[in-house]
Structure formats: C-alpha cells, structure tokens
Amino acid sequence: MLKKNAYTKRSKALVWRETVSAYLFLLPALIFFIGFVIVPMVLCLVTSFFNYTMNDYSFVGFSNYFEMFRDPVFKKAFWNTVVIVVVSVPTVTAFSLWVGSAIYQVNAVSRSFFRCIFYLPVVTGTVAVAVVWKWMFNKYTGLFNYALTHMGVIDNNISWLGDEKFALWCIILILFTTSIGQPIVLYVAALGNVDNSLVEAAEVDGATHLQSFWKIKWPSIMPTTLYILVITTINSFQCYALIQLLTSGGPNHSTDTIMYYIYYQAFKLNRYGYGNAMGVILAIIIAAFSALQFKMAKSGNED
Amino acid sequence: MKKALALVLAGTTVVCSLAGCGSSAKTEATAAPAAETTAAQAAAETAAGAAGTESPAADITLWTYPIGSFKDADTVNGFIASFNEKYPDIHVNVEYLDYTSGDDQVTAAIEAGTTPDVIMEGPERLVSNWGAKGKMVDLADLWDDDASKDIAATSEAIVAACKSPDGIYYEYPLCMTTHCMAINYELFEKADALQYINEDRTWTTENFGKALKALKDSGVDTTGVVYCGGQGGDQGTRALAMNLYSAQFTDADHTKWTMNSDAGLKGLTQLVDWTKDGSLSYDAGAVASDELQLFANGTTAMTFCWNASNEANYASSVAFTPYAVAFPSDDGKPELCGGIWGFGIFDNGDAAKIDASKIFIDYLCDDETQGPVSVKSTGFFPVRASFGNAYAGTEDEERMAVYSTFMPYLSDYYNVTAGWAEQRTAWWNLLQQIFGGTDVKTATDEYVAACDAATAAAK
C-alpha cells in the first residue's frame with residue numbers, strides 16, 4: 001500500500017513537471033495573447049460604458065450604445081458594411097473556387113504563374129494599391145474615363161469615387177481584387193489534395209464532371225471553403241484602409257463603414273468610449289456571422 | 001481545467017507585474033521632475049554664473065508637421081546643431097509627422113503618455129484641440145511684452161489665435177501666411193480673361209464669373225475644380241465660398257458658425273450654379289493635393305489651394321506661369337484665411353524638459369540670427385514685425401513680395417473655434433451634399449446645427 005502511494009506520488013510529480021514545462025513553453029505566447037488580445041478586448045468592453053475622451057472619463061452606462069442606434073451616420077455605415085460583406089463574400093468565394101478549379105490541374109509552371117498573378121495584389125501594400133486605383137478612377141485623367149469615353153460608353157467623365165452611385169461599388173471592386181489571392185491559393189491546394197481515386201471511381205460509375213465535383217470534390221474542400229468564408233467575412237467587415245485612403249467615407253457618407261467610423265470617432269473626435277462601443281457591436285456581429293457560417297457549413301457537410 | 005485557470009491567472013499576474021513595473025517606472029519618472037528640476041536649475045545657474053549663458057541639461061523631443069523645410073531632416077538637424085553650439089547640454093531628437101497620419105500619432109501618444117516635449121503646428125491643433133484639453137503647457141513667459149508687441153504689430157489676429165478663450169498661450173508662433181488662389185497665366189491671357197483681375201491681384205465676384213465664361217469660350221474644358229473629397233486644403237473652398245458675397249464663417253466671438261447667413265447661402269448657391277452650367281467643376285473624389293496636381297499639369301486653369309510655399313514646391317514641375325491672386329469677392333476686398341505655425345509644449349510633468357523646450361523654442365523663433373533663418377525655411381512670413389523682410393536680398397525676394405501684398409487681407413482666424421475637428425468633416429460633407437443636389441439652405445442649416453452642437457459639446 002505504501003509502495004503504491006509512493007509510485008502514485010512519483011507519477012503525479014512527473015505529470016506535474018511535464019505539465020509545468022508545457023505551460024512554461026506556452027507562457028511567452030500566452031503573455032502576448034493576454035496582453036494584446038484579451039486585455040484590450042476587456043478594456044474595449046469596459047470603456048464602452050464610459051464617456052472616455054481626451055479629458056473625460058465618466059461612467060455613462062449604456063448611453064454610448066443608445067446613441068449609436070440613433071446615430072444616422074452609424075446606421076449608414078452599418079448598412080454599407082453589410083452591403084460590402086453580402087456582395088464581397090459570395091463573389092470572392094465563387095470566383096476563387098472557379099479560378100482554383102480551372103488552374104489546379106494545369107502544369108506546375110502555369111499554375112505558379114496564375115497563383116502569382118492573383119496573389120500579387122495581396123502582397124502589394126494597401127497604399128500602393130490605393131494610389132494606383134485612385135489614378136485609374138480619376139475623373140479628369142483616369143484610365144476608366146479615358147477608355148469609356150473613347151469607346152463611346154459615356155459622354156461625360158464620371159467621378160467614380162466622388163459619386164454616391166459608384167463610390168461603394170468601386171471600393172468593393174478594389175476589395176475584391178485584394179481579397180481573391182489567398183482563397184485561390186487555398187483552393188488550388190485543397191483541390192489538389194482531393195483523393196483522386198474517389199473521383200475516378202465516380203466517373204467509372206458514370207458520374208459527369210459536374211456531379212463528381214459537387215458530390216466528391218465540394219464536400220472534400222468544405223473545410224477550406226469554411227475557412228475562406230470566415231476570413232473573407234472578417235476582412236470585409238473590417239474594411240477600413242481603402243476607405244481612409246480613397247474616400248474618407250464620402251461622398252455624403254456613402255462609403256462609411258463601421259471600421260472607418262470607429263476610427264473617425266476615436267482618432268478624429270477623440271471619443272474613445274463611443275468608438276469602443278461600436279467596436280463591441282462589430283465584434284458581436286462578426287462573431288454571429290462566423291458562427292452562422294460554421295453552423296451552415298457543418299450541416300452542409302453532414303448532409 | 002483548474003490548472004489551466006491557474007495558469008491564466010499566473011500569466012495575468014505576470015502581465016500585471018510587468019504593468020506594475022511600468023507603472024513604477026512611470027511613477028518614478030513623474031516623481032523625478034522635482035529633483036531633476038532642482039539639479040537642472042542648479043546646473044543652469046552654475047553655467048550662467050560661469051559663462052553668462054543659461055544652459056540646462058535635458059533630452060527633449062521635437063515632433064514637427066511638414067511645414068516648409070521643417071520636413072527636411074538636413075535643415076532641422078542644421079538648426080539643432082546651431083542650437084547646440086549655444087546650448088550643448090540640451091539634446092533634441094526629432095520625429096517628422098505628415099498630415100495624413102500625424103494627428104493619429106499624436107492622439108495615440110497622448111493616450112499612451114508618450115507625447116513629445118515640443119510640437120510644431122498651428123493653433124487649430126495646439127490651442128483649440130490639445131491645449132483646450134489640458135495637454136499643453138502655458139507659454140506665457142515666452143510671450144513677454146517685447147514679443148507680444150512685436151507680434152501684435154504684424155497682426156493682432158496672430159496673438160489672439162495663439163491663446164485660449166481664457167487667455168492661456170498654448171502656442172508660440174514662428175511664421176504665417178495668407179492662403180490664396182492661383183491661375184494659369186497663359187490660359188487666362190489666351191482667353192483674354194486677365195482684364196478681369198485688378199493690378200493688385202484682387203477681383204470681384206462678377207469679374208470672376210466673366211473670367212470663367214471667357215475661359216470656357218476659349219475652349220478650356222475644366223476651369224477649376226471645387227474639391228470636396230476630404231478635409232485636406234479645405235481652407236481654399238471655405239475662402240472661396242465665404243468671399244463671393246463677403247460672408248463670415250463664424251461670429252466674432254467664435255461661438256457660432258454662420259455660413260447659413262444670407263451672404264453665405266448666396267456664395268454657396270453661386271458655386272452650385274456655376275457647377276451646374278459648367279463654368280466650374282466639382283469633384284467629391286478629390287482633395288486639395290489632387291486639385292493642385294490637376295493645376296500643375298495644366299488640366300485646370302486655376303487652383304483654390306495656393307500660397308507662397310506651394311508656389312515654391314510646384315515651381316519646377318509646371319510648364320506655365322502660376323499667378324497668385326486673391327479670392328474673388330463682391331466688394332473686391334477679399335478676406336483671406338491665414339495660416340499660422342509655431343510651437344507648443346506638451347505637459348509631460350518634467351519641469352527640466354519644459355524649461356529646455358522653452359529655451360529651444362525661444363532660440364528657433366526669437367534669436368536674432370536663427371529666427372529669420374527658421375522663418376525662411378518655412379517659406380512663409382515672420383510673425384515678428386522686427387524681422388522685417390526676411391527674404392530681402394535672397395532669390396525669393398521677388399516671389400515673396402507678391403504674397404506679402406496679400407497680408408493686409410488676413411481675416412479673422414476662426415480656426416480656433418471649439419468643435420473645429422467636427423466642422424472640418426462637416427464642411428466637405430456639406431459641399432458634397434449641395435453639389436449632389438441637396439437644397440443649399442437645408443444642407444447648410446444642418447451643417448451649422450451640427451457644428452454648433454460640436455462647439456457646445458467641446459466647451
């Protein structure tokens with residue numbers, strides 16, 4: 001009995017030592033995670049209940065949240081953000097899947113070439129991308145107006161980024177070009193990993209290309225699709241840099257997004273508490289969308 | 001689970017400990033000034049006694065916006081080297097800000113407690129923003145009688161702009177200018193539109209309209225662009241709208257916004273009418289830098305964002321003669337928006353650094369030799385009347401003489417009105433609305449209401 005206890009104690013000590021070692025290895029990452037993710041999140045939540053400005057820090061309860069839902073610019077920004085997400089996410093995913101399907105079977109050199117082309121806007125700095133697009137959209141000297149007027153499509157030059165009818169769609173177009181790189185690379189890799197024997201077996205049994213795609217490849221790449229949906233959704237919700245560099249939310253708030261409005265309130269007007277309240281709502285919305293996507297993708301996979 | 005929780009708590013403790021260390025360090029740093037001040041003062045007194053010159057020891061940091069050559073490291077380092085010949089124990093580190101992200105950097109620094117000691121910019125930031133929020137040091141001791149009289153002799157508006165409504169000086173100015181517009185001389189000449197500009201480079205609203213028509217008739221496609229894609233260079237569009245029918249942007253006390261006055265509405269309506277009939281263009285996708293580029297490459301015949309410094313910057317890149325003119329006004333007497341730039345000191349709680357910063361500012365602005373050199377590096381005019389013509393005998397003398405003729409038209413510096421930041425965004429949104437078809441009175445009333453609310457909230 002005594003011997004057994006001694007053995008158990010030794011065993012526990014070993015387990016404890018290993019556990020401590022493991023956690024010590026994790027500690028540096030944990031410190032950064034707590035310091036740069038958890039603590040800011042908690043502070044964001046806490047300060048959203050304060051009138052936190054450069055010279056004030058008074059508790060105001062839920063008044064920032066009430067103000068937010070009465071704020072017409074926030075409502076406009078929210079709507080614009082939803083439009084960006086609803087348009088961007090399906091188009092980016094569908095286009096990436098199409099391109100990925102088209103190029104994953106071509107020879108390695110061609111595949112690398114296309115991957116490089118589509119990935120280029122991702123590795124190019126956002127500022128450089130914005131400058132080039134701004135030049136192309138320029139009302140007086142831009143490429144689009146030059147081409148369209150010379151083709152006779154339009155009579156007068158259009159201020160693409162200065163016209164409420166076009167500005168948001170221009171932003172979505174730029175966002176699209178900078179968002180498709182990573183999904184295409186992921187789809188090419190995922191499609192290349194699909195078990196080819198299953199596809200061949202299905203085709204021997206008489207399945208068409210479309211059927212083998214939907215019944216075999218599509219379910220096989222569902223985890224990749226889910227990942228792409230989630231990251232594209234988050235990126236679209238967080239659309240900020242393009243707005244800051246190209247339109248400042250204009251014209252007439254037609255390109256304001258929640259992220260840009262948070263920046264405006266926090267950094268231009270120094271209303272940190274109000275900005276944080278909007279940040280909390282944005283985080284909740286992103287979490288809800290992501291959960292919904294997980295749920296739908298999971299149920300689709302089970303079917 | 002318990003272990004994991006324990007570990008999280010342990011991690012949190014570590015973070016808190018680190019934060020605690022940080023706090024301690026900060027506390028020590030905050031507690032140190034008294035001792036440091038005493039030491040610095042003692043050192044200064046010793047130095048003063050020995051050499052007759054006060055030279056306390058301190059490391060200070062200067063952040064500067066791109067005002068003329070103050071964006072150029074060689075120029076600023078030269079000034080610091082010359083400063084260190086006189087004050088060898090004050091070490092100045094410099095960081096350069098730009099107008100795109102500079103405000104964000106300062107805001108982040110204020111919240112993080114890492115603000116520089118000295119910052120160079122205009123009263124709209126130093127006085128009505130950071131000063132009003134208690135972040136800046138009172139510079140009353142720099143504003144002695146001599147300085148006050150000397151600067152007031154140039155313009156009382158400068159003195160008023162550098163102090164808060166309750167009389168605290170948060171800025172010590174170095175230079176100033178009046179913002180104007182410029183035309184493409186050759187295009188105007190070809191259109192026979194120079195006849196509408198007076199010899200003193202002023203013109204009336206009526207003649208401005210005639211000039212637009214003459215330009216269009218001569219085949220100029222885009223005469224000018226009223227840019228409203230953001231706040232960059234918005235002083236140009238404000239001055240244009242104000243001057244057309246002599247409107248005031250705020251009341252004299254800077255407590256209310258007044259562009260919904262009859263004169264203001266008339267000016268804004270006139271701009272809309274000109275854009276509707278094609279005499280002028282507007283672009284809600286362009287800011288001043290875009291409009292300046294259009295002017296510089298000859299696409300437009302005029303720019304609404306011009307000053308002496310812009311002419312110097314664009315001199316080598318234009319293939320025509322940029323001819324500076326005042327904004328058109330109904331009575332031919334323009335009221336031009338001023339630009340004032342100078343220095344402020346952030347209150348970092350370190351008296352030695354504050355003292356050293358004041359010495360540095362005093363040297364850059366008031367030193368008999370360095371002062372005029374500092375002014376010339378900005379490309380603007382001295383605020384001190386005693387500096388006289390800082391450009392006399394230089395290659396810039398002729399060019400600057402033109403801009404000095406605009407100085408009598410310097411208008412009220414309303415940029416110090418509380419709620420200025422909100423107003424700036426509301427202004428270009430107003431222009432976007434009225435050019436987009438919204439009724440001018442309705443949009444302007446809403447704009448004024450929003451600005452008044454911001455002003456009330458800021459007090």
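Values in this document were obtained by computation on a predicted structure and should not be read as measured data.

Caption draft 1: Structural context of the domain arrangement of chain B. Residue and element names in this part refer to chain B. Each assigned domain of chain B is listed here: domain 1 (2–176 + 339–398) and domain 2 (180–335 + 418–458). Carbon and sulfur atoms supply 55% of the area buried between domain 1 and domain 2, which totals about 440 Å² over both sides. Joining domain 1 to domain 2, the criterion identifies zero salt bridges. Here domain 1 is connected to domain 2 by zero residue pairs in polar contact (both at pLDDT 80 or more). Classifying every residue of the side of domain 1 that touches domain 2 gives one nonpolar, three polar and two charged.

Caption draft 2: Structural view of the domain arrangement of chain A. Taken as a whole, chain A is organised into domain 1 (2–47) and domain 2 (74–302). Averaged C-alpha coordinates put domain 1 of chain A and domain 2 of chain A at centres separated by 39 Å.

Caption draft 3: Just empty space enclosed by the protein, in detail. All names here are of chain B. Overall, the coordinates contain three cavities of 30 Å³ or more when judged by the stated rule. Looking at the largest cavity, its volume works out to about 50 Å³. Met242, Gln248, Phe249, Thr250, Glu335, Ser411, Asp412 and Tyr414 together form the lining of the largest cavity. The residue inventory of the lining of the largest cavity, partitioned by class, reads three nonpolar, three polar and two charged.

Caption draft 4: Looking closely at the environment of Ala130(A). Residue and element names in this part refer to chain A. Locating Ala130 in the fold gives a position in helix α5 (residues 126–137). Through-space distance from the C-alpha of Ala130 to that of Lys165 is 20 Å; in sequence the pair is 35 residues apart. In this structure, Ala130 is in contact with Leu245 and Leu246, ignoring residues within four places of it in sequence.

Caption draft 5: Structural view of the pairing of strand β1 (residues 58–64) of chain B. All names here are of chain B. With five of seven residues buried, β1 lies mostly within the body of the structure. In terms of strand pairing, β1 meets strand β2 (residues 90–96) through seven bridges, oriented parallel. Of the residues in β2, the one forming a bridge with Asp59 is His91. For the crossover from β1 across helix α2 (residues 73–86) to β2, the handedness is right-handed.

Caption draft 6: Quick look at unusual backbone geometry. For the bond from Gly250(A) to Pro251(A), the omega torsion is -5°, close enough to zero to count as cis. Mapping Pro251(A) onto the fold places it in the loop between α12 (241–246) and α13 (258–268).

Caption draft 7: How the structure looks around the interface of chain B and chain A. Every contact between the two is made by 37 residues of chain B and, on the other side, 32 residues of chain A. Both sides of the chain B and chain A interface together cover about 2900 Å² of buried area, and 60% of this is carbon and sulfur. In this structure, the connection of chain B to chain A is made through one salt bridge. The residue Lys134(A) makes a salt bridge to Asp290(B) at a minimum N-O spacing of 3.2 Å. Those elements that place two or more of their residues in the side of chain B that touches chain A are α1 (2–51), α3 (102–112), α4 (123–131), β7 (281–283), α11 (288–296) and α16 (420–435) of chain B. Sort the elements by how many residues they give to the side of chain B that touches chain A and α1(B) lands first, with eight residues. Grouping the constituent residues of the side of chain B that touches chain A by class yields 15 nonpolar, 14 polar and eight charged.

Caption draft 8: Structural detail: the side chain of Thr19(A). Secondary-structure assignment places Thr19(A) in helix α1 (residues 2–47). Within the structure, Thr19(A) has its side chain in polar contact with the backbone oxygen of Val15(A) (distance 2.7 Å).

Caption draft 9: Examining the sheet that holds strand β11 (residues 381–382) of chain B more closely. Residue and element names in this part refer to chain B. Here six strands make up an open sheet; going across it, the order is β2-β1-β3-β10-β4-β11 and the pairing mixed. Each end of this open sheet is capped by a strand with a single partner; those strands are β2 and β11. Relative to strand β10 (residues 338–345), strand β4 (residues 172–178) is paired through six bridges, and the arrangement is antiparallel. Bridging from a neighbouring strand, Tyr172 pairs with Phe343 of β10. On the sheet, helix α13 (residues 351–366) packs against β1, β2, β3 (118–121), β4 and β10 and is oriented at approximately 55° with respect to β1. Sheet strands touched by helix α14 (residues 370–378): β3, β4 and β11. Its angle to β4, the strand with the most contacts, is close to 40°.

Caption draft 10: A look at the pattern of salt bridges. Residue and element names in this part refer to chain A. The final tally for this structure, using the stated rule, is 16 salt bridges over all chains. The partner of Arg271 in a salt bridge is Glu67, and the shortest N-O contact between them spans 2.9 Å. Placement of the pair is Arg271 in the loop between α13 and α14 (272–302) and Glu67 in helix α2 (residues 63–70), with a sequence separation of 204 residues. We classify Arg271 as partly exposed; its relative accessible area is 22%.

Caption draft 11: Just the packing of aromatic side chains, in detail. All chains considered together, the criterion is met by 54 aromatic pairs over all chains. Measuring from ring centre to ring centre gives 6.4 Å for Phe144(A) and Trp160(A), while their planes differ by 65°; the resulting arrangement is edge-to-face. One end of the pair, Phe144(A), is in helix α6 (residues 143–150); the other, Trp160(A), is in the loop between α6 and α7 (167–179), with 16 residues separating them in the sequence. Judged by relative accessible area, Trp160(A) falls into the buried class, the value being 12%. Measuring from ring centre to ring centre gives 4.7 Å for Tyr282(B) and Phe435(B), while their planes differ by 15°; the resulting arrangement is stacked. On the criterion of sequence distance, the pair formed by Tyr282(B) in strand β7 and Phe435(B) in helix α16 is long-range, its members being 153 residues apart. We classify Tyr282(B) as partly exposed; its relative accessible area is 26%. Taken together, Phe249(B), Trp257(B), Tyr414(B), Trp420(B), Trp427(B) and Tyr447(B) form an aromatic cluster joined through their ring pairs. Sitting over the ring of Tyr323(B), Arg201(B) keeps its end group 3.9 Å from the ring centre. Across the ring face of Phe249(B), the terminal group of Arg238(B) is positioned such that the distance to the ring centre comes to 5.8 Å.

Rules behind the numbers
- Residues numbered from 1 in each chain as written.
- Chains lettered and ligands numbered in written order.
- Predicted model: local features only at pLDDT ≥ 70, side-chain atom pairs only at ≥ 80, totals over all residues.
- Heavy atoms only, no water.
- Domains from an automatic or database assignment.
- Buried area = accessible area lost by both parts, 1.4 Å probe.
- Salt bridge = Lys/Arg side-chain N within 4 Å of Asp/Glu carboxyl O.
- Polar contact = N/O pair within 3.5 Å; in protein donor to acceptor, adjacent residues only side chain to side chain.
- Nonpolar A, V, L, I, M, F, W, Y, C, P; charged D, E, K, R; others polar.
- 1 Å grid on protein atoms, 1.4 Å probe; cavity = no way out; pocket = protein on both sides within 12 Å on 5 of 7 lines; lining within 4 Å.
- Points joined across faces, edges and corners; volume = space filled by probe spheres on them.
- Helix = DSSP H or I, 4+ residues; strand = E, 2+ residues; numbered from the N terminus.
- Contact = heavy atoms within 4.5 Å.
- Buried < 20%, exposed > 50% of the residue type's maximum accessible area, 1.4 Å probe, protein only.
- Pairing = 2+ DSSP bridges.
- Right-handed = clockwise from strand over helix to strand, strands pointing away.
- Axes fitted to C-alpha atoms, helices over the stretch in contact; angles between N-to-C directions.
- Phe/Tyr/Trp six-rings, centres within 6.5 Å; stacked < 30°, edge-to-face > 60°.
- Lys NZ or Arg CZ within 6 Å of the ring centre and 35° of its normal.

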